[in-house]
Number of protein chains: 4
Amino acid sequence: MARQQTRKKVHEAVLSLAHETPAGTITMEGIAARAGVSKQTLYRTWPSTGAILFDALLARSMTEDGTVEVPNSGDLAADLELLATATIAELTDTTHEPMLRAITAQMQSDDGLAAQFRERLLTPQLAGISDRFRRENVPDPYGIAELFVGPIFHRWLLRTHPFDSEWVTAHVARTLRAAAFK
Amino acid sequence: MARQQTRKKVHEAVLSLAHETPAGTITMEGIAARAGVSKQTLYRTWPSTGAILFDALLARSMTEDGTVEVPNSGDLAADLELLATATIAELTDTTHEPMLRAITAQMQSDDGLAAQFRERLLTPQLAGISDRFRRENVPDPYGIAELFVGPIFHRWLLRTHPFDSEWVTAHVARTLRAAAFK
Amino acid sequence: MARQQTRKKVHEAVLSLAHETPAGTITMEGIAARAGVSKQTLYRTWPSTGAILFDALLARSMTEDGTVEVPNSGDLAADLELLATATIAELTDTTHEPMLRAITAQMQSDDGLAAQFRERLLTPQLAGISDRFRRENVPDPYGIAELFVGPIFHRWLLRTHPFDSEWVTAHVARTLRAAAFK
Amino acid sequence: MARQQTRKKVHEAVLSLAHETPAGTITMEGIAARAGVSKQTLYRTWPSTGAILFDALLARSMTEDGTVEVPNSGDLAADLELLATATIAELTDTTHEPMLRAITAQMQSDDGLAAQFRERLLTPQLAGISDRFRRENVPDPYGIAELFVGPIFHRWLLRTHPFDSEWVTAHVARTLRAAAFK
DNA sequence: GATTAACCGAGACGGTACGTCCAGTCTTATG
DNA sequence: CATAAGACTGGACGTACCGTCTCGGTTAATC
């Protein structure tokens, strides 16, 4: 709805705000001021800061159409390790992290945003990963995909422990045991 | 600081609000009004709605000291299934669910609350579960505990799918395979 | 800054409040509520209740530009008696009195308001009166103007005694003697 | 009612606050904190900050029983000049000024305080001055006393102009002319 | 010299108002 | 005609004081 130029200004504004200010501080007024856009222009296109955040996030990974690119080299263990590492890198990227945290927080009280987030990000991600397991003839591929993703998300969102490469390797090994793979 | 009677009024107020209104709608003013307490009384003791929510939650499970009572019947699979079921029951309890979602959301932008939440709830929970695995001579018990808890949390927080007993059974089986148990 | 319609609503509100409630009781919240206007609208234009009061007062006497219309009939004694009577009438007007008292009180701790009050009301008033004396070739017209105004103000503000017409006549006579007139 | 020691602590506190902070900023809580006294102790004895201020002011001039000591040397002009100078000195004393301004301001909305102020300070002051005129056989001594005091008060309270010795001399001359003296 | 009553500090409490921020809607003027 | 600029209502924020109210701990005068 908004002109391409406007969208771009808004996206840039929200991205810049996202890694300047703490997670919950982003406001419609702040974005409007930073983008040099009137509040009305914002509301005409997006219903909430969460929606803008989410839109900006998607626009970022515009090139890669399916958000997640699951590696498929034939070596499942190596591929999972790559995938875990890439996922963690995105979750802890200085720009992405505050946005993802803000969206995850707002999801808890915004059903529309939650639905969008699931459809556009979570479902494709889980589908991609379970496809990779299916290709390897792992039984119960979706369950294993959840087993793979769940602990990463848990560690990240609740900040129980930082990530390191040993943990990633061990996590892949655990997942593969659960998958009864080889 | 606050008198016991006051704490009680506040806890009751926040609990009643928590399952009347959507997650993010709880405000200091709302709690004060509902509790018949002045705002200053709230701020004298708690810095945010999250802190009140958390305090009320802890006060609820005062009797059970370490919040999570990991079953220990000797039958690991049965115990895990019980534990998963109990955990899910708490996460989806009509009173607890909105509070836990609100706290999880506010954690993302309130480091103090996040730290408290980890110390008082998450760490004991993971410790309890990994102890149960350790008792069964499972190698890497903490990793397996995360593997057990992570997917439950992922499903719950992101609402990817509702829980059902088949999923629980399958999840326990996957976890046990990863634990290389039996 | 504020729209004309808004100013009008605020002025009416503050005027109505001024002769309903005691002098020091007027609050920003009260004005906002009475005017059906949000607090922010008030603060966007006026920094304090004193400023609103003062603005409302000026808006009242918009037509008469220099607030005080010193009579000039040629008969100085008669003119002064008229002027004193008119001044006292304004000071004791049921609407004006509480406003003037409130402004005078707030002046004591608000330099900006004090400056405005002097510039817009006091200075023109004293200038007008001393001009009248100057026209009559009274030496030291400003000093005599102060001598005329001071005791009226003293009686009014400190409520030492009520005003009556004998006092006014005597006060004019005293002033004229000091002016060495005739 | 309050113990002498307590009164003293409170008086000192209010005096020290009076020339540290702007006129309207003195609060019961502030006085209590500064005096190291509980709020209840304050309220047990004084109903308002104005009352404390006034009490402290009176306690100050305890030695001189009748607040105003009108000079009586036989030379009326010289005496008036002395009196005016002394009055101005008290009004502009760094400690007294803020207190007197605060009391004058609070008088406008506190009838009890106003009555006390009149009885204890204003009436004796005007009586003393008119007595001095009466001793000199000036007709209408009270009116002349008001004429003497009014402009000083007007200048001081409204801050129209600073005081200087020329003004004082001229003011005394004007007053004496009005008194038809010699 | 012990008792008892007044006085006191400390500070929690229900309130009211403060002055600020932001949400969302609506108006106005410009380009 | 869309848009920036921004005024508007409304509601919550977190703070400051108000005046009231326990609660123990001193004082100081009485018995």
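Quantities reported herein were computed from a predicted structural model and do not represent experimental measurements. (Residues numbered from 1 in each chain as written. Chains lettered and ligands numbered in written order. Predicted model: local features only at pLDDT ≥ 70, side-chain atom pairs only at ≥ 80, totals over all residues. Heavy atoms only, no water.)

S.K.: Looking at this structure, I do not really get the overall build of chain A. What am I missing?
M.R.: Each helix and strand counted, chain A has nine helices and zero strands in total. Ordered by position from the N terminus, the helices and strands of chain A form the series α-α-α-α-α-α-α-α-α. Dimensions of chain A along its principal axes, counting C-alpha atoms only, are 60 × 30 × 25 Å. Looking at the 182 residues of chain A, the share that counts as buried comes to 52%. For chain A, contacts bridging at least 24 residues in sequence account for 61% of all contacts bridging at least 6. Accessible area for chain A stands at about 8500 Å²; split by element, carbon and sulfur atoms hold 53% of it. Taken together, the 19 basic and 22 acidic charged side chains of chain A have centroids lying 5 Å from each other. (Helix = DSSP H or I, 4+ residues; strand = E, 2+ residues; numbered from the N terminus. Buried < 20%, exposed > 50% of the residue type's maximum accessible area, 1.4 Å probe, protein only. Contact = heavy atoms within 4.5 Å. Areas by Shrake-Rupley, 256 points an atom, 1.4 Å probe, with all protein chains shown as cover. Lys, Arg positive; Asp, Glu negative; His and termini not counted. Charge placed at Lys NZ, Arg CZ, Asp CG, Glu CD.)

S.K.: Which parts of the structure should I look at to understand the relation of the copies chain D and chain C?
M.R.: Two copies of the chain are present, and they differ by a rotation about an axis and a shift along that axis. The two copies are related by a screw motion: chain D maps onto chain C through a turn of 180° and a shift of 0.0 Å along the axis, at an RMSD of 0.1 Å. As the rotation angle and translation indicate, the two copies are arranged about a two-fold axis. A shared interface surface links the copies, since 100% of the contact residues of chain D are contact residues in chain C too. (Least-squares fit on C-alpha atoms with pLDDT ≥ 70 in both.)

S.K.: Teacher, can you tell me more about the pattern of salt bridges here?
M.R.: Charged atoms that come close allow side chains of opposite charge to pair. Residues and elements named next belong to chain B. Counted by the stated rule, this structure contains 36 salt bridges over all chains. Close ionic contact of Asp55 with Arg7 constitutes a salt bridge, the shortest N to O distance being 2.8 Å. You can see Asp55 sitting in helix α4 (residues 49–60) and its partner Arg7 sitting in helix α1 (residues 4–18), a full 48 residues away along the chain. Each of the two residues, Asp55 as well as Arg7, counts as buried. (Salt bridge = Lys/Arg side-chain N within 4 Å of Asp/Glu carboxyl O.)

S.K.: What should I look at first to understand the protein's contact with DNA strand E in this one?
M.R.: Taken together, 33 residues surround DNA strand E, and among them Gln40 of chain A, Thr6 of chain B, Lys39 and Tyr43 of chain C together with Thr6 of chain D come closest. With respect to DNA strand E, the backbone of Gly36 of chain D contributes an N or O atom lying 3.1 Å from a phosphate oxygen. (Near = heavy atom within 4 Å. Polar contact = N/O pair within 3.5 Å; in protein donor to acceptor, adjacent residues only side chain to side chain.)

S.K.: What's the story with the UniProt feature "DNA-binding region" (unreviewed entry) in chain A in this structure? I'm lost.
M.R.: The sites that UniProt annotates as "DNA-binding region" (unreviewed entry) are residues 27–46 of chain A. With 75% helix and 0% strand, residues 27–46 of chain A has its two end C-alpha atoms placed 12 Å apart. (UniProt positions renumbered as here; feature names shortened; annotations may be inferred.)

S.K.: Just checking my understanding: could you explain the interface of chain A and chain B for this structure?
M.R.: A common measure of how large an interface is: the accessible area buried when the components associate. At the interface, 35 residues of chain A touch 35 residues of chain B. When chain A packs against chain B, the two sides together hide about 3200 Å² of surface, and 62% of this comes from carbon and sulfur. Inspection of the chain A/chain B interface yields four salt bridges. Between Arg174 of chain B and Asp140 of chain A there is a salt bridge whose closest N-O contact spans 2.4 Å. The tally of links between chain A and chain B comes to 16 residue pairs in polar contact (both at pLDDT 80 or more). Broken down by element, the residue count for the side of chain A that touches chain B peaks at 13 residues, all from helix α8 (residues 141–158) of chain A. For the side of chain A that touches chain B, the per-class residue count stands at 17 nonpolar, 10 polar and eight charged. (Buried area = accessible area lost by both parts, 1.4 Å probe. Nonpolar A, V, L, I, M, F, W, Y, C, P; charged D, E, K, R; others polar.)

S.K.: Explanation requested: the packing of aromatic side chains in the structure shown.
M.R.: Each aromatic ring pair is characterised by the separation of its centres together with the angle its planes make. What the rule picks out here adds up to 14 aromatic pairs over all chains. Here the aromatic rings of Phe54 of chain B and Phe117 of chain B are separated by 6.0 Å at their centres, their planes lie at 65°, and the arrangement is edge-to-face. Of this pair, Phe54 of chain B sits in helix α4 while Phe117 of chain B sits in helix α7 (residues 111–135), and the two are 63 residues apart along the sequence. Each member of the pair, Phe54 of chain B together with Phe117 of chain B, is buried. Joined through ring pairs, the aromatic side chains of Phe153 and Trp156 of chain A together with Phe153 and Trp156 of chain B make up one cluster. The ring centre of Trp156 of chain B lies 4.4 Å from the NZ or CZ of Arg101 of chain B, which sits over that ring. (Phe/Tyr/Trp six-rings, centres within 6.5 Å; stacked < 30°, edge-to-face > 60°. Lys NZ or Arg CZ within 6 Å of the ring centre and 35° of its normal.)

S.K.: What is the right way to read the nonpolar core from this model?
M.R.: Inside soluble globular proteins, nonpolar side chains tend to come together where they are buried. The biggest cluster of nonpolar side chains holds 116 residues, and the ones touching the most others in it are Ile31, Leu42 and Phe148 of chain C together with Ile31, Leu42 and Phe148 of chain D. Sequence-distant contacts of Leu42 of chain D, that is, excluding residues within four places in its chain, are made with Val10, Met28, Ile31, Ala32, Val37 and Ile52 of chain D. If you look at the next biggest cluster of nonpolar residues, it comprises 114 residues, including Val37, Leu42 and Leu176 of chain A together with Leu113 of chain B. (Core = buried A, V, L, I, M, F, W, Y, C linked by side-chain atoms within 4.5 Å.)

S.K.: For this particular structure, what's the right way to read helix α7 (residues 111–135) of chain C?
M.R.: Because the α-helix completes a turn every 3.6 residues, residues three or four places apart line up on one side. Taking 1.5 Å as the rise per residue, α7 of chain C with 25 residues should run 36 Å; its terminal C-alpha atoms sit 34 Å apart, in good agreement. Residue Arg118 of chain C marks the point of greatest curvature in α7 of chain C, where the axis turns by about 40°. By the burial criterion, the buried members of α7 of chain C are Leu113, Ala114, Phe117, Arg118, Leu121, Leu122, Gln125, Leu126, Ile129, Ser130, Arg132 and Phe133 of chain C. Where α7 of chain C is buried, its residues touch α4 (49–60), α5 (76–92), α6 (96–107), α8 (141–158) and α9 (165–178) of chain C together with α8 (141–158) of chain D. A side-chain oxygen of the first residue of α7 of chain C lies 3.1 Å from the backbone nitrogen of Gly112 of chain C; this N-cap is Asp110 of chain C. Where α7 of chain C terminates, the next one or two residues include Asn137 of chain C, which has phi positive at roughly 60°. (Expected span 1.5 Å × (residues − 1). Bend = angle between axes of the 7 residues up to and from the residue.)

S.K.: Hey, could you run me through the protein's contact with DNA strand F in this one?
M.R.: Looking at DNA strand F, there are 27 residues lining it, with Lys39 and Tyr43 of chain B, Thr6 and Ser38 of chain C together with Gln40 of chain D nearest. Here DNA strand F approaches the protein such that, of its atoms within 4 Å, sugar and phosphate make up 59%. For DNA strand F, a phosphate oxygen lies 2.5 Å from a polar atom in the side chain of Tyr43 of chain B. A distance of 3.0 Å separates a phosphate oxygen of DNA strand F from a polar backbone atom of Ser38 of chain C. For the surface near DNA strand F, the elements supplying multiple residues, two or more each, are α3 (39–45) of chain A, α2 (28–35) and α3 (39–45) of chain B, α1 (4–18) and α3 (39–45) of chain C together with α2 (28–35) and α3 (39–45) of chain D.

S.K.: I would appreciate a short explanation of the interface of chain D and chain C in the present structure.
M.R.: Contact residues are listed per partner, giving 35 residues for chain D and 35 residues for chain C. Carbon and sulfur atoms supply 62% of the area buried between chain D and chain C, which totals about 3200 Å² over both sides. Our enumeration of links across chain D and chain C arrives at four salt bridges. Along the contact surface separating chain D from chain C lie 16 residue pairs in polar contact (both at pLDDT 80 or more). Listed by contribution, the elements that provide at least two residues to the side of chain D that touches chain C are α6 (96–107), α7 (111–135), α8 and α9 (165–178) of chain D.

S.K.: Help me out: how do you make sense of the relation of the copies chain A and chain B in this one?
M.R.: When chain A is brought onto chain B, the operation consists of a screw motion whose angular component is 180° and whose axial shift is 0.0 Å, with 0.1 Å RMSD remaining. Both copies share a contact surface, since 100% of the interface residues of chain A are interface residues in chain B too.

S.K.: Please explain the environment of Lys8 of chain D as it appears in this structure.
M.R.: Residue and element names in this part refer to chain D. Here Lys8 shows up in helix α1 (residues 4–18). Lys8 gets classed as exposed once you look at its relative accessible area, which sits at 54%. For the pair Lys8 and Ala18, spaced 10 residues apart in the sequence, the C-alpha separation amounts to 15 Å.

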